[in-house]
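# Structural description and commentary
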Amino acid sequence: MAKTPVITLDLNFQGRKQAIASYLIPHSSGVVLVESGPGSTLSALQAVLAEGGYSPQDVTHVLLTHIHLDHAGAAGWLARQGAEVFVHPVGAPHMLNPEKLLASAARIYGDKMDSLWGEFLSVPEDRLKIPEDAREIIIGNMRFLPVNTPGHAEHHYAYLFEDICFTGDIGGVRIPGFPYMRVPMPPPELHLERWRDSVKRLRREKFNRIAPTHFGIFDDPEWQLNELGKDLDDISRWLEEVMPADPSIQELREKFTDWMEEQALAAGLSEKVLKVYEVANPVGMSADGLLRYWKKSHLTG
Ligand SMILES: [Zn+2]
């Protein structure tokens, strides 16, 4: 059977190419989007939809991998144009009532909240769909399989569609053109063991292409999952080395930034590409996520 076309929409986040994607899949009565992108890129989304001859009302379904603002921020607005929004059961209450989610994001982003993320509207209850793990979502003659993949967040799904796996953030961050990846590790739900289990689960699924939201469709999923596994191991080892000295968050951010820079230099990344990685996945945020994860996992044993 011929493959359904999947189109990568570049939302040009913060004026950067290849930072945040939304994936568009046309069908007989409109289009499906995997990820809505943030509220701040809504006009960019409308522009790229228009280039393809679509209006926002043509978006019939939005499949969210998770509710972080860079993935789900514009979903409420699209729901109000008529789209059905699909989200993990643990994330669903926050799409109906985003106040808590927005308050916790505001603690991280402060006065940059609006310029970074724009408006996050709630999803009306009758537009919200909560698929179960491993239960197919059927849209026309297309089938999407949600795969529960915690680790980056508790409420994370990857979606299998034909020969593609849309990995959201659980497959890591990877900008085209460089054999280099980053693991996005925001607070508060980062969990490295669960992440490793999710990678194992993805390895058991069959797909030829992998599509992280940051950024693009790649045809070497094995390389990506191997690299991700190595990165997770390296991060655990690094934590074991660094954390016993009980660094302050400031010290940890500095150490982590230095470590990331070393790796980026070794991989031959240009300043420009580094900037895209930083926009898609701020290093300081990952240091915060790691500290919180370490404290949690070492208090509970
Ligand atoms: Zn995320």
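Residues numbered from 1 in each chain as written. Predicted model: local features only at pLDDT ≥ 70, side-chain atom pairs only at ≥ 80, totals over all residues. Heavy atoms only, no water.

### Quick word on the sheet that holds strand β1 (residues 7–10)
- One open sheet holds the six strands; their spatial order is β1-β2-β3-β4-β5-β6, and the pairing between them is mixed. The open sheet has two edge strands with one neighbour each: β1 and β6 (128–129).
- Note: strand β4 (residues 59–63) against strand β5 (residues 84–86), three bridges, orientation parallel. Following the sheet pairing, V62 is matched in β5 by V85. (Pairing = 2+ DSSP bridges. Helix = DSSP H or I, 4+ residues; strand = E, 2+ residues; numbered from the N terminus.)

### Comments concerning helix α10 (residues 271–280)
- V273, L274, V276, Y277, V279 and A280 are the residues of α10 that are buried.
- Lining the buried residues of α10 we find α9 (249–266). (Buried < 20%, exposed > 50% of the residue type's maximum accessible area, 1.4 Å probe, protein only. Contact = heavy atoms within 4.5 Å.)

### As for the coordination of the zinc ion
- Protein-derived ligands of the zinc ion are H66 (NE2), H68 (ND1), H152 (NE2) and D169 (OD), with the metal-ligand distances lying across 2.1 to 2.3 Å.
- In this structure, the zinc ion is surrounded by four donor atoms whose angles at the metal cover 84 to 177°, and the resulting shape is irregular.
- Summarised as a motif, the one-chain spacing of the donors to the zinc ion is H-x1-H-x83-H-x16-D. Remark: D169 occurs in the loop between β10 (164–168) and α7 (192–204) and H68 occurs in the loop between β4 and α2 (69–72); sequence separation between them is 101 residues.
- In this structure H68 comes out as buried when scored by relative accessible area, which is 18%. (Donors = N, O, S within 2.8 Å, 3.2 Å for Na, K, Ca; no water. Tetrahedral: all angles 85-135°; square planar, octahedral: opposite > 155°, others 65-115°.)

### Observations concerning the packing of α7 against helix α8 (residues 221–242)
- Between α7 and α8, the least distance of the axes is 11 Å, while the angle of their chain directions is 165°. Taken together, the axes of α7 and α8 lie roughly antiparallel to each other. The two elements α7 and α8 meet at a crossing, and its hand is left-handed. Within the contact between the two elements, α7 uses L192, W195, R196, V199, L202 and R203 and α8 uses L225, N226, L228, L232, D233, I235, S236 and L239.
- Class assignment for the residues of the contact of α7 with α8 results in nine nonpolar, two polar and three charged. (Axes fitted to C-alpha atoms, helices over the stretch in contact; angles between N-to-C directions. Parallel < 35°, antiparallel > 145°, perpendicular 65-115°, else oblique. Left-handed = near helix turned anticlockwise from the far one by under 90°. Nonpolar A, V, L, I, M, F, W, Y, C, P; charged D, E, K, R; others polar.)

### What about the layout of surface pockets?
- Taken as a whole, the largest pocket encloses approximately 880 Å³ of empty space.
- Contributing to the lining of the largest pocket are 37 residues, with A105, I108, Y109, P186 and M285 lying nearest its centre.
- Going through the elements one at a time, α2, α5 (99–109), α6 (113–117), α10 and α11 (283–299) are the ones with two or more residues in the lining of the largest pocket.
- With six residues, α5 is the single largest residue contributor to the lining of the largest pocket. (1 Å grid on protein atoms, 1.4 Å probe; cavity = no way out; pocket = protein on both sides within 12 Å on 5 of 7 lines; lining within 4 Å. Points joined across faces, edges and corners; volume = space filled by probe spheres on them.)

### Quick look at the side chain of D231
- By secondary structure assignment, the location of D231 is in helix α8.
- The side chain of D231 sits in the buried core without any salt bridge; K230 is the nearest counter-charge, 7.4 Å away.
- Beyond its immediate sequence surroundings of up to four residues, D231 is in contact with M181 and V183. (Lys, Arg positive; Asp, Glu negative; His and termini not counted. Salt bridge = Lys/Arg side-chain N within 4 Å of Asp/Glu carboxyl O.)

### Considerations on unusual backbone geometry
- The step from P187 to P188 runs through a cis peptide bond, and the omega angle for that step is 0°.
- Among the secondary structure elements, P188 is positioned in the loop between β10 and α7.
- Omega for the peptide link from H214 to F215 comes to -5°, which places this bond in the cis form.
- Residue placement: F215 occurs in the loop between β11 (209–212) and α8.
- One non-glycine residue, Q14, adopts positive backbone phi at about 55°.

### Examining the environment of P146
- Mapping P146 onto the fold places it in strand β8 (residues 142–148).
- P146 sits in the buried class, given a relative accessible area of 0%.
- For the pair P146 and T65, spaced 81 residues apart in sequence, the C-alpha separation works out to 8.7 Å.
- The contact partners of P146, leaving out residues within four places of it in the chain, are P131, E132, D133, A134, R135, I137, Y157, A158 and Y159.

In short, the description is geometric, and any link to function would need to be established separately.
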